Amino acid sequence: MNKILNTWIAESESWQSFIDFKIPKEARARYPFLSKYDDFYLSLMSSCFEELKKENPDLSKMLSIAHGLEIFSLENKRNNFEGIDYSNNALYSAAMYYLAGYSSSACIISSLFNNDDFNSTADKFIFSFLKRENNKSNEFSITLNDFLRNGDFFIVKNLINKLQAKLEESLNNNSIDFTAFLLCISILKKFIDDNIWFDLLNLHNNVDYWKPYVIKCLNKSSPIWSFFPSQRLALEKGVLSDKTISLQMPTSSGKTYLSEIIIYNEIRQNNKNKVLYLAPFRALAAELKKTLGSELRSLGISSKTIYGGNLPTTEERDNLFNCNVLISTPEKFMAIENIFPNIHNEFSTIICDEGHLLDDYSRGLEYELLLTRIKINSETPKRFIFVSAIIPNLAEINHWLGGDENTIVESDYRPTQLEFAFLYRMDQSRDRFYLNVNPTKKRPFNYQLYRFLDSNEVNIVNPNTGQKRLLASKKAISSAVALKSINIGSVFLFAPHKRGYTGVEGLASELLSQLEWTNNKSLINSYNHKTIDDLVGYFSKVFGDTYLLTKTASVGFLFHHGDFPQFIREIIEDQIRANQIKLVICTNTLAEGINLPIKTIVIHSTERFNSDVPGNYEVLKIRDLKNLVGRAGRAGKETKGLIIIPHESDFRTIEKLINEVDIEPVKGDLYNLIKPFTHELITKGLVVTQELLDKYSNYFEDILDKSLIEMLAEDINEEDLMETVEKFVSNTFSYYQSSSDERDTLKKIFSIKAETVLPFIKNDEFQDLKNSGASISSYKELSEIFDFENEIWENLTDALAEDWLSFILDNGIFLMETFQSIITEFNSINSCDIDNQKIKTVIIMWMNGEWFENISKIGIEMHHLLRLINNFLSFKMNTLVSSAIRLAEIRNSEKEISPIIISWPSLLQFGFNNISKLNLMELGLTDREAVLQLDGYLKNLNYVHLNISDLKKYLLKNKEIILGIPKDDIPSIAKKSIDNFIRKLG
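Described in the following lines is the structure provided in the data block. Keep in mind that this is a model prediction, so the values were computed, not measured. (Residues numbered from 1 in each chain as written. Predicted model: local features only at pLDDT ≥ 70, side-chain atom pairs only at ≥ 80, totals over all residues. Heavy atoms only, no water.)

1. Describing the packing of helix H24 (residues 529–543) against helix H26 (residues 566–577)
To be explicit about the condition: For helices, the fitted line uses only the C-alpha atoms of the stretch in contact; every axis is such a line through C-alpha atoms, and the angle between N-to-C directions lies from 0 to 180 degrees. Each helix is a run of H or I in the DSSP string that is no shorter than four residues. Each strand is a run of E no shorter than two, and both are numbered from the N terminus. Put simply, angles under 35 degrees are roughly parallel, angles over 145 are roughly antiparallel, angles from 65 to 115 are roughly perpendicular, and the rest are oblique. It only takes one pair of heavy atoms within 4.5 Å for two residues to be counted as in contact. In the scheme used here, Gly and all other residues not listed as nonpolar or charged are polar, with Ala, Val, Leu, Ile, Met, Phe, Trp, Tyr, Cys and Pro taken as nonpolar and Asp, Glu, Lys and Arg as charged.
Between H24 and H26, the least distance of the axes is 13 Å, while the angle of their chain directions is 170 degrees. With respect to H26, the element H24 is oriented roughly antiparallel. Contacts between H24 and H26 pair Thr531, Leu535, Tyr538, Phe539, Val542 and Phe543 from the former with Phe567, Ile568, Ile571, Ile572 and Gln575 from the latter. Residues of the contact of H24 with H26, tallied by class, amount to 9 nonpolar, 2 polar and no charged.

Encoded structure:
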């Protein structure tokens, strides 16, 4: 293509942005292509046919042609051009996207029109093909569908020959038919070597072997006819072999679908094989339960998902060995290991998702230790599938896990493109801003959207008081940019914190203010008002009318952070997926592995608070930002994603991200502790001794104790202790990365720490210590405080019986120094004053089904209460309670501990007072309000709970009765959750 055409294509994209953002006409650049659009269009079509005729077309040119052609068919743009066949043009634009390797974008463009918009058989076939639809009235589509269903390549080859004959027939008769047949043939020539059957049969040449999987892919709501280039590369590199393999693939490039193929192949080869899928985030595990779990079920592959809490429930224990796939967070699997020490031997393949979290401060240690233990302690060799979007030292991790240089897959393919834009003031103006799009590229790909924020959008007036306000603060500008961006689609406004200067809730308050001042109804008027009413009604019940989330819902936007319980986060995420909410303010909790359709991400700040660094703020890791921005422009929903940076102080960091420089390698969490410690030892000339470790106890003692206990098998003996410790330490990823001095430090520290477990080994008590899941200090306290022979362990029938609460809390956990130090830390961090009595009151109200608004009335601020329940009670306190109960099981091995007590940590976490409610959740009803409502309704039906199997049978038997529960009695969102749950239960 010539330089002028390239320039026009680039300019047409910037012209679209002016229109999409609704920037005033007088502020738009004067684009030459607009006055010569007929020349532009003819040049595009001429270039299109040139590429179609080539044996090896230029894919980058095809992509550029696709971009150029699309404006002639897009709504709000096509009316600027006369004499263009909009629907026919869309076919060519979509076809160019497909031929360039962007099938998702092709599907989006073709979906702008309907089958009835096309006349010829060839055009209708092209349309159906690009949209991935089965047109049962089109002869070519019928033939193609026959191939897709049966995998017989002679069918598609014969179809190409048939079309070739029609092409030659039309050569002298009909130029329109000729071009249509030429396009059909070009598409099918690519398709014959790039389809799901081609790739799978190259790996295992047996149609019957793959047919169940292929049919399932064809029957999806968005059918899969072929794989992304990133997926194809992984298949070619041996992801279905028996080798350990590591994958680096951008977000939205098909990692979950690839996992599905891996699992299918594993179970198909041997239905006794089992796969462990490690998902580091609760949110990711919860999403996989809904998505991957459902897809596997349709293939006859059973799965179980476990996350949250520490002590596995009775139901979880009973079903762990009866599934093909276990989806688990690392910490939950480690809790399972305490009960079933050799359970890792059940699995032949371990999929490690979000692998960059190996060095995450809160998750990395458990992830690293778990992988190390599986690697060296398994009776048979394990295959690891290590997956991440953002690891520069992937080869290092792959080698550590047992792979080699031939089992690394690195792909930079994204099914959608990303654009970045920096916000600048216009001529140092205080009230006008422009967007500099693609700032690291040259013109015409770099362009400016002038008056992106105009003076009337920055100088706002309160309609009630007439008071004027200039939006000058960072919060104000970020909020205004986010509001502007909803013109082009859904928006994430990212903030590094929940509260404070760079926090989510501060931005939410600012947005509320701006919407009120400007009387802006753009958000609320873009939705179904019933959706807004439903959200407000639900959040009012849960949080109260005056809570910030209720207020934001009432005007059409939401916010999302880690203090919310999982089911609240899922409700917010579901609204985004359904396109019911287009603006969400969020921390990275909304970017942790889950898939959401987002067009634009506005990054409020790239710095987060850290009191341990000079200035108290540190720049976010480049790789974390890379993971975040990868969420923009989801495949199948958008052809592009946009990242807007509103503040100049963040430009340099984002330029590094764009240019992919200084991306941090992944380090083992132990390594991150040992490296600075070793440096201090060398600098000060110190030697590692027990006294020195005592001096640095606040630095990492609990972590080291936990690491040590996790390293050792429960049947370790005194003679093998030191050798075992050294072997384990030497196999950690941290050791693998360390220098000689750092390795010596690791060995010396753990050698000294090993002395602390010797007394437990000598007294045959180490098994109890390890299986309790407690630290050494916690174990000693629990052993001293609790009477494990008390009959209450066996006889409890009421989760909130006063004698039990006194036993487990007043005379138990509350007496532990470990617990009191946790309270002190909580109060210090949150600047509050929570005591034992308030904690007990909160526990009783929470487990009795009360909501946050009512509980807060005992004198706890809402944000403190959320953190208290969803972090302190659900995890930190839960860990101690779980250890106490686990010790009771161990010490009373000949007696059966009450099922209520076994389930008590989970009841505490989710806020239930009986196992019936917990089992409803374990069956798939994750909305707490829905669980409370349905459990109450079942009691009205005189249902008496026996076990989870009995409950499921009862629900299925009374399906129509439950679906008929009066809507007025239950919040609409909870009612919808119940109905969806019952319909899917089977």
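2. Things to note about the packing of aromatic side chains
Put simply, the rule is: Under the pairing criterion, centres of Phe, Tyr and Trp rings, with the six-membered ring standing for Trp, must be within 6.5 Å; the plane angle then separates stacked pairs below 30 degrees from edge-to-face pairs above 60, leaving the rest tilted. Placement of a charge over a ring requires the Lys NZ or Arg CZ to be within 6 Å of the ring centre, with the centre-to-atom vector within 35 degrees of the ring normal.
Within the structure shown, the criterion is met by 62 aromatic pairs. Over the ring of tryptophan 846 we find arginine 928, and its NZ or CZ is 3.8 Å from the ring centre. Positioned over the ring face of tryptophan 851 is arginine 928, at 4.5 Å from the centre of the ring.

3. Some thoughts on the sheet that holds strand E4 (residues 325–328)
Rules: Here a strand pair is declared whenever DSSP counts at least two bridges between the two strands.
Pairing is parallel in the open sheet, where 7 strands are placed in the order E3-E4-E2-E5-E6-E1-E7. Looking at strand neighbours, the two that pair on one side only are strand E3 (303–306) and strand E7 (408–410), the edges of this open sheet. Each adjacent strand pair in this sheet contributes to an overall mean axis angle of 15 degrees, direction not counted. As paired elements, E3 and E4 share 4 bridges and run parallel to each other. The residue bridging serine 303 from the neighbouring strand is valine 325, located in E4.

4. Some details on the pairing of strand E8 (residues 417–425)
Successive side chains on a regular strand alternate, one facing one side of the sheet and the next facing the other. One ladder, built from 6 bridges, connects E8 with strand E19 (residues 640–645); its direction is parallel. Across the sheet, the residue bridging to phenylalanine 422 is isoleucine 645, located in E19. Relative to strand E9 (residues 433–437), E8 runs antiparallel, the two being bridged by 5 bridges. Pairing of phenylalanine 422 across the sheet is with asparagine 436, part of E9.

5. Details of the environment of glycine 308
For the record, the criterion: Here's how the labels work: a residue is buried when its accessible area is under 20% of the maximum for its type, exposed when over 50%, partly exposed in between, all with a 1.4 Å probe on protein chains only.
Following the sequence through the fold, glycine 308 ends up in the loop between E3 and helix H17 (314–319). Among the residues examined, glycine 308 registers a relative accessible area of 4% and is labelled buried. Linking glycine 308 and histidine 679, residues 371 residues apart in sequence, is a C-alpha distance of 37 Å. Each residue touching glycine 308, except ones within four places of it in the same chain, is listed here: Arg282, Thr329, Lys332, Phe875 and Gln909.

6. Structural notes on the sheet that holds strand E16 (residues 600–603)
Taken in spatial order, the 8 strands make up an open sheet running E10-E9-E8-E19-E16-E13-E15-E14, and their pairing is mixed. At either end of the open sheet lies a strand with only one pairing partner, and these are strand E10 (447–453) and strand E14 (558–560). Within the sheet, the average angular offset between the axes of one strand and its neighbour, ignoring direction, is 25 degrees. The pairing of E14 with strand E15 (residues 583–586) spans 3 bridges and is classified as parallel. Looking at the pairing, phenylalanine 559 lines up with isoleucine 585 of E15. Most of the contacts of helix H23 (residues 504–518) go to E15, to which it runs at about 145 degrees, and overall it touches strand E13 (491–494), E14 and E15. Contacts between H26 and the sheet are confined to E13, E14 and E15, with E14 contributing the most and set at about 130 degrees to the helix.

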